[in-house]
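Chain by chain, the residues run as shown.
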Amino acid sequence: MYLLSQELERKTAMQHYGYATQYNYILTNGNLSELFTYPDSKRKHIMKALAAYSKYTGEYEKWQQMRRNFQLKWSSGADSLTGFHNILKENDDFDKMIEWVYIKRKEYPRFANILMFKVLTGLRPTEAIESFNLLLSIKKQEYLSEDNILLQHYKFPEIFLRRTKKTFISIANCFLVLFG
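These numbers come from a predicted model, not from an experiment. (Residues numbered from 1 in each chain as written. Predicted model: local features only at pLDDT ≥ 70, side-chain atom pairs only at ≥ 80, totals over all residues. Heavy atoms only, no water.)

(A) Region of the structure containing the packing of aromatic side chains. According to the stated counting rule, one finds six aromatic pairs in the structure shown. Aromatic pair Tyr23 and Tyr38: ring centres 5.7 Å apart, planes at 75°, arrangement edge-to-face. Residue Tyr23 is located in helix H1 (residues 10-29), and its partner Tyr38 is located in the loop between H1 and helix H2 (40-57); the two are separated by 15 residues in the primary sequence. Here the aromatic rings of Tyr143 and Phe160 are separated by 6.0 Å at their centres, their planes lie at 10°, and the arrangement is stacked. Of this pair, Tyr143 sits in helix H8 (residues 140-143) while Phe160 is found in helix H9 (residues 157-160), placing the two residues 17 residues apart along the sequence. (Phe/Tyr/Trp six-rings, centres within 6.5 Å; stacked < 30°, edge-to-face > 60°. Helix = DSSP H or I, 4+ residues; strand = E, 2+ residues; numbered from the N terminus.)

(B) The layout of surface pockets, seen in detail. What the largest pocket holds in volume is close to 460 Å³. What lines the largest pocket is a set of 13 residues, among which Glu9, Thr12, Arg124, Arg162 and Thr164 lie closest to the centre. Residue assignment for the lining of the largest pocket shows that the elements contributing at least two residues are H1 and H2. With four residues, the top contributor of residues to the lining of the largest pocket is H1. (1 Å grid on protein atoms, 1.4 Å probe; cavity = no way out; pocket = protein on both sides within 12 Å on 5 of 7 lines; lining within 4 Å. Points joined across faces, edges and corners; volume = space filled by probe spheres on them.)

The following block contains the structure:
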């Protein structure tokens with residue numbers, strides 16, 4: 001499959017394929033205005049799928065020209081710091097998240113440590129489990145810095161260095177209670 005040859009994760013390739021199949025008519029009719037009706041996140045996924053589809057069909061220049069004509073951007077323009085502030089302020093979302101974590105730790109005590117580890121590191125769920133497992137394995141000494149302060153994710157690039165989100169280190173002094 002073409003998308004898999006582009007060094008995409010299988011899940012991402014399948015998502016692009018689905019969106020390209022569903023929305024390729026937009027390229028055919030040349031009217032990208034429909035894309036403005038979708039939320040930023042969905043629009044971005046559709047645009048990525050259409051870009052990949054246009055490369056596959058040899059119409060990438062046409063896609064680029066249409067995108068420029070409609071002044072479609074890959075992002076909404078909002079910076080990540082503004083997004084972070086919105087999470088903290090809007091509808092008490094941050095307080096609700098903390099409350100949810102607290103409730104789930106009590107409801108599922110078996111998973112309390114991994115849940116807290118995930119919250120403290122900000123790793124994706126699969127990365128948090130891999131990181132947790134590394135700390136419980138014989139690779140712990142390679143993974144932790146000599147002073148036991150940093151989780152050195154960069155030493156395991158196949159797990160932590162992805163195309164869209166790269167995690168190089170986490171400060172680990174708060175994890176010593178779990179793994180000390």
